[in-house]
Amino acid sequence: MTGLIEPTRRLICQGLAIGAGLGLMPARAHAPADAHRLKWQPDQTTNKAFITRALALAKQGAERGDGPLVGAVIVLNGRIIGRAANRVDLKGDPTAHAEVEAIRVACHRLGSRALSRAVLYVGGPPPCPMCETASYWASMAEIYHGNSPDEVIKLGAPRYGGC
């Protein structure tokens, strides 16, 4: 029985480290609890600042080989509550688009499937029908996208495209 304790402890520690790295739980005790989260909050709460964050995520994900060059952040009351890069290749999951992954993180963080009044910023092309429909079901207020910090295109409220 003692042989199972160490591998189990390692798995738990790895899970905690991964969760902290995603901003889902507080970082280790020696770092401030918000240290990881704060570096992703822009100094200004402008569309350009949030698109810049989404584009940075897209670049990081693509450089790691996680998936195509797309990143997404979800903002509520001027704060990023969910963020992700495209992870289709990393997970081997065709639904692991940046927008869907960011919705999952935001919903987990809020403890709710409703992201009312939240805004989705997509660094890259406009969301595909799957991502826009996921945004609709999450009750997002608006969607913006852009391929550069100076190109911020407002798409408005998500439209339900049907299943």
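Every value quoted in this text rests on a predicted model; they were computed, and no experiment measured them.

## Quick notes on the overall build of the protein
Each helix and strand counted, the protein has six helices and five strands in total. What you see in the protein, going N to C, is helices and strands ordered as α-α-α-β-β-α-α-β-α-β-β. Here the protein, with 163 residues, has 38% of them falling under the buried criterion.

## Digging into the nonpolar core
With 18 residues, the main nonpolar core has Ile 74, Ile 81, Ile 103, Leu 115, Ala 118, Leu 120 and Met 140 as its most contacted residues. Of all the secondary-structure elements, those providing two or more residues to this core are strand E1 (71-76), strand E2 (79-85), helix H5 (98-110) and strand E3 (119-123). Looking at which element gives the most residues to this core, the answer is H5, with five residues. Leaving out residues up to four positions away in the same chain, Ile 74 has contacts with Arg 79, Ile 80, Ile 81, Gly 82, Ala 102, Ile 103, Ala 106, Leu 115, Ala 118, Val 119, Leu 120 and Met 140. Core analysis: the second largest hydrophobic core is formed by twelve residues, Trp 40, Phe 50, Ile 51 and Leu 57 among them.

## What about the packing of aromatic side chains?
Within the structure shown, the criterion is met by three aromatic pairs. With centroids separated by 5.2 Å and ring planes inclined at 35°, the aromatic side chains of Phe 50 and Tyr 121 adopt a geometry described as tilted. Here the residue Phe 50 occupies a position in helix H3 (residues 47-64), and Tyr 121 occupies one in strand E3, the gap between them amounting to 71 residues. Plain terms: the ring middles of Tyr 121 and Tyr 144 are 5.1 Å apart, the flat faces sit at 10° to each other, and that makes the pair stacked. In this pair, Tyr 121 is assigned in strand E3 and Tyr 144 in strand E4 (residues 142-148), connecting sequence segments 23 residues apart.

## Observations concerning the environment of Pro 126
Tracing the backbone through its elements, the reader meets Pro 126 in the loop between E3 and helix H6 (129-137). Judged by relative accessible area, which is 43%, Pro 126 ranks as partly exposed. Counting along the chain gives 28 residues from Pro 126 to Lys 154, while the straight-line C-alpha distance between them is 9.8 Å.

## Points about the sheet that holds E1
One open sheet accounts for five strands, arranged E2-E1-E3-E4-E5; its pairing is mixed. Looking along the sheet, the strands with just one partner apiece sit at the ends: E2 and strand E5 (151-156). Taken pair by pair, the neighbouring strands of this sheet meet at an average axis angle of 20°, ignoring direction. Pairing of E1 with E2, which is carried by six bridges, proceeds in the antiparallel orientation. For Val 75, the partnering residue across the bridge sits in E2 and is Ile 80. Across the sheet, H5 is in contact with E1, E2 and E3; its angle to E2 comes to roughly 140°.

## With respect to the state of the cysteines
Applying the stated criterion to the full structure yields zero disulfides. The cysteine Cys 131 is free of any disulfide, with Cys 128 supplying the nearest cysteine sulfur at 3.6 Å. Cys 131 sits in the buried class, given a relative accessible area of 1%.

Rules of the game
- Residues numbered from 1 in each chain as written.
- Predicted model: local features only at pLDDT ≥ 70, side-chain atom pairs only at ≥ 80, totals over all residues.
- Heavy atoms only, no water.
- Helix = DSSP H or I, 4+ residues; strand = E, 2+ residues; numbered from the N terminus.
- Buried < 20%, exposed > 50% of the residue type's maximum accessible area, 1.4 Å probe, protein only.
- Core = buried A, V, L, I, M, F, W, Y, C linked by side-chain atoms within 4.5 Å.
- Contact = heavy atoms within 4.5 Å.
- Phe/Tyr/Trp six-rings, centres within 6.5 Å; stacked < 30°, edge-to-face > 60°.
- Pairing = 2+ DSSP bridges.
- Axes fitted to C-alpha atoms, helices over the stretch in contact; angles between N-to-C directions.
- Disulfide = S-S within 2.5 Å.

Purely spatial values, then, with no claim about function.
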